Amino acid sequence: MGKKIKHAISPTRDEDYSEWYQQAVGASEMAERSSVRGCMVIKPWGYALWENISGKLDEMFKETGVKNAYFPLFIPLSFFEKEALHVEGFAKECAVVTHHRLEKDGKGGLVPAGPLQEPLVVRPTSETIIGDSFSRWVSSYRDLPLLINQWANVVRWEMRTRIFLRTTEFLWQEGHTAHADEKEARQRTLMMLEIYREFSEKYLAMPVITGSKTPLERFPGAVDTFCIEAMMQDKKALQAGTSHFLGQNFAKASGITYQNAQEKEEFAWTTSWGVSTRLIGGMIMAHGDDDGIILPPRVASSHVVLMPIIRKPDDRGRVMEFTESLARELKAQTYHGSGVRVEIDDRDIGGGKGWEWIKKGIPVRVEIGPRDIEEGSVFVGRRDRDHKKRESIPRKRFVEDLPDILDEIQQTLYDRALAFMEENKKVISGKKEFYDFFTPKNADKPEIHGGFAVSDWCGSDDCESTIKSDLGVTIRCIPFDSEPTGGGCVCCGKEGRHQAVFAKSY
Ligand SMILES: [Zn+2]
């Protein structure tokens, strides 16, 4: 009685959100820091999750006619230089290969030798190298549209890194399309954004706001950038995916031209769009609790863990038999188009097993002991509920109900995240209220602030920059179909041209 409630992750989210994140990721065994600065090792539990995420997205892309291909990791510097804004935007974070050989230095070490005539940039994104191929693949309007996606790794030399959210090397997909006309290219840009929204909400259970970026926040070289933005549990925004309408900028830089039906030479219109392993970081921060991460069932590395409890050696035979036959029955069930994914954990390590799986975020845990077998039931814990709230369910009913239980968990996670975002999103029209909203009340907790402010903006770079330097707050997006609220620009007070979502962000 009166015993303090203990949580599996220390510190808790309230105590130190940022440290909670690092600890929760570590405890989940999804990934770890590597010996290479800023790079992560994705462990099997995290990679299985990425395979489920990428597998589903790949299916959704292909349904719209997109095909996969692969392009070089290295981009000749001259390609990179072709689009001025693009090179300016990425210059500060490029890793560059300048040599192609190692030589002994005479002191037992090795030094780079054989300088390259033209340095190679390790791709931070592939518009220019893919544009080079497109310029050869496209000659007539009949070759268009060209709808290509690449699953790859990219490198951006980040100064401050955080596992899954911002790492020097990360995994992603980048879609690149070329079209004969502007309207079709714009439609494709929005179509892919809609896929990201749908995936994020239906599969990651992560509600998002969709809209366009301001000119200052656009992808370097793009005409328009659209994004999905999610709210994390510290009320900061996470840009979870972007889709860019590139106009003819990259087609002109790479020479992607085609002959139209009148045999006139025209520049193509291109798009690019991407999501990355950052989605995993977002998902963890949207759903995790003080006991660790919580995996949404539709993408979970695995759905259910069976933990046989063997107290006496004599029990082993029948407990394992029960466990293995239960696993077979569960695997035969389908959940969202594939079999239920089952783990059996028969390690003899006592009660600690349950906590390990809680920290891994597996949706459903099942304990099987001799008494459960006698009763023909299983003892079930759900990750969306308190770890103490477990229940005995007849085996047959559990097998039949598992897909529904998984969908219930999926829905609970989404509803919780949506309620949290709605609670912490506020329409604000006055400058004072706006500054108060983002100013920490407690100097010891500078990370605490209001959340998302929905406010009018006059459209000037100046106002946007002032707010950024005063408060560290940026315009996350201008939501689709939004009208100015009528309160005037939250910075200068002039008439608002857009309604914008302002927030601190990752
Ligand atoms: Zn203004």
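Everything here concerns the structure above.
Here the structure is a predicted model, which is why all the values come from computation and not from measurement.

S.K.: Please clarify how the packing of helix α2 (residues 44–63) against helix α6 (residues 182–202) should be interpreted in this entry.
M.R.: The packing of two helices is summarised by the inter-axis angle and the distance between the axes. Interhelical geometry of α2 versus α6 gives an angle of 140° and a closest axis separation of 11 Å. One finds that α2 runs oblique with respect to α6. Between α2 and α6 lies a crossing of right-handed hand. Across the interface between the two elements, Ile-53, Lys-56, Leu-57, Met-60 and Phe-61 from α2 touch Met-192, Ile-195, Tyr-196, Glu-198 and Phe-199 from α6. Looking at the contact of α2 with α6 residue by residue, the class counts come to 8 nonpolar, no polar and 2 charged.

S.K.: Help me understand the packing of aromatic side chains, please; the structure alone is not making it clear to me.
M.R.: According to the stated counting rule, one finds 17 aromatic pairs in the structure shown. Between the aromatic rings of Phe-199 and Tyr-203, the centroid separation amounts to 5.5 Å while the plane-to-plane angle is 10°, which identifies the pairing as stacked. No difference in accessibility class separates Phe-199 from Tyr-203, as the two residues are buried. Between the aromatic rings of Phe-437 and Phe-438, the centroid separation amounts to 5.0 Å while the plane-to-plane angle is 85°, which identifies the pairing as edge-to-face.

S.K.: Could you clarify how one ought to interpret the nonpolar core in this entry?
M.R.: Generally speaking, a soluble globular protein has its nonpolar side chains buried in company with each other. Counting 53 residues, the largest nonpolar core has Tyr-21, Ile-53, Leu-57, Phe-164, Phe-199, Met-232 and Ile-284 as its most contacted members. Among the elements of the structure, α1 (17–28), α2, α6, β10 (224–231), β11 (237–245), β14 (269–276), α8 (278–287) and β15 (304–308) are those that each provide at least two residues to this core. With 7 residues, α2 is the largest single contributor of residues to this core. Apart from residues no more than four positions distant in its own chain, Met-232 is found in contact with Tyr-17, Met-206, Leu-238, Gly-282, Met-285, Ala-286, Phe-420 and Tyr-506. Membership of the second largest hydrophobic core comes to 27 residues, among which are Leu-326, Val-340, Val-380 and Ile-409.

S.K.: Help me out: how do you make sense of the packing of helix α13 (residues 431–438) against helix α14 (residues 461–471) in this one?
M.R.: Between α13 and α14, the least distance of the axes is 11 Å, while the angle of their chain directions is 40°. Considering their axes alone, α13 and α14 lie oblique with respect to each other. The handedness of the crossing between α13 and α14 comes out as right-handed. Between α13, through Phe-434, Tyr-435 and Phe-438, and α14, the contact on the second element is made entirely by Thr-466, Ile-467, Asp-470 and Leu-471.

S.K.: Sorry, what's going on with α13 here?
M.R.: Note: α-helices contain 3.6 residues per turn, so residues at a spacing of three or four share the same orientation. Among all positions of α13, only Phe-434, Tyr-435, Phe-437 and Phe-438 are buried. Taken down its axis, α13 places every buried residue within 155° of arc, on the same side. Turning to α13, the residues buried within the fold contact β22 (425–427), β23 (452–457), α14 and β25 (498–503).

S.K.: Help me out: how do you make sense of the sheet that holds β15 in this one?
M.R.: Either a parallel or an antiparallel arrangement is found when strands of a sheet pair, and the pairing is made through backbone hydrogen bonds. Read across the sheet, 5 strands follow the order β18-β15-β19-β20-β21 without closing on themselves; strand pairing throughout is mixed. The open sheet has two edge strands with one neighbour each: β18 (342–344) and β21 (391–394). For this sheet the average axis-to-axis angle between neighbouring strands, irrespective of direction, equals 30°. Both β15 and β18 contribute to a ladder of 3 bridges, which runs parallel. Counterpart to Val-305 in the pairing with β18 is Glu-343. In this fold helix α9 (residues 316–331) packs onto β15, β18, β19 (364–368) and β20 (377–382), with an angle of close to 170° to the strand it touches most, β15.

S.K.: Just checking my understanding: could you explain the environment of Arg-37 for this structure?
M.R.: With respect to the helices and strands, the residue Arg-37 is situated in the loop between β1 (31–33) and β2 (40–42). By relative accessible area, which is 40% here, Arg-37 ends up partly exposed. Put simply, Arg-37 and Glu-158 are 121 residues apart on the chain and 9.8 Å apart in space, counted from C-alpha to C-alpha. Residues within four places of Arg-37 in sequence aside, it is in contact with Trp-157, Glu-158, Met-159 and Thr-168.

S.K.: Where do I start with the coordination of the zinc ion in this structure?
M.R.: The coordination sphere of the zinc ion, as far as protein atoms go, consists of Cys-458 (SG), Cys-463 (SG), Cys-489 (SG) and Cys-492 (SG), spread over 2.3 to 2.4 Å. Taken together, the 4 donor atoms coordinating the zinc ion and their angles of 105 to 116° define a geometry best described as tetrahedral. Judged by its relative accessible area of 35%, Cys-492 falls in the partly exposed class.

Reading guide: rules and limits
- Residues numbered from 1 in each chain as written.
- Predicted model: local features only at pLDDT ≥ 70, side-chain atom pairs only at ≥ 80, totals over all residues.
- Heavy atoms only, no water.
- Axes fitted to C-alpha atoms, helices over the stretch in contact; angles between N-to-C directions.
- Helix = DSSP H or I, 4+ residues; strand = E, 2+ residues; numbered from the N terminus.
- Parallel < 35°, antiparallel > 145°, perpendicular 65-115°, else oblique.
- Left-handed = near helix turned anticlockwise from the far one by under 90°.
- Contact = heavy atoms within 4.5 Å.
- Nonpolar A, V, L, I, M, F, W, Y, C, P; charged D, E, K, R; others polar.
- Phe/Tyr/Trp six-rings, centres within 6.5 Å; stacked < 30°, edge-to-face > 60°.
- Buried < 20%, exposed > 50% of the residue type's maximum accessible area, 1.4 Å probe, protein only.
- Core = buried A, V, L, I, M, F, W, Y, C linked by side-chain atoms within 4.5 Å.
- Arc of directions from axis to C-beta.
- Pairing = 2+ DSSP bridges.
- Donors = N, O, S within 2.8 Å, 3.2 Å for Na, K, Ca; no water.
- Tetrahedral: all angles 85-135°; square planar, octahedral: opposite > 155°, others 65-115°.

Keep in mind these values describe shape, not function.
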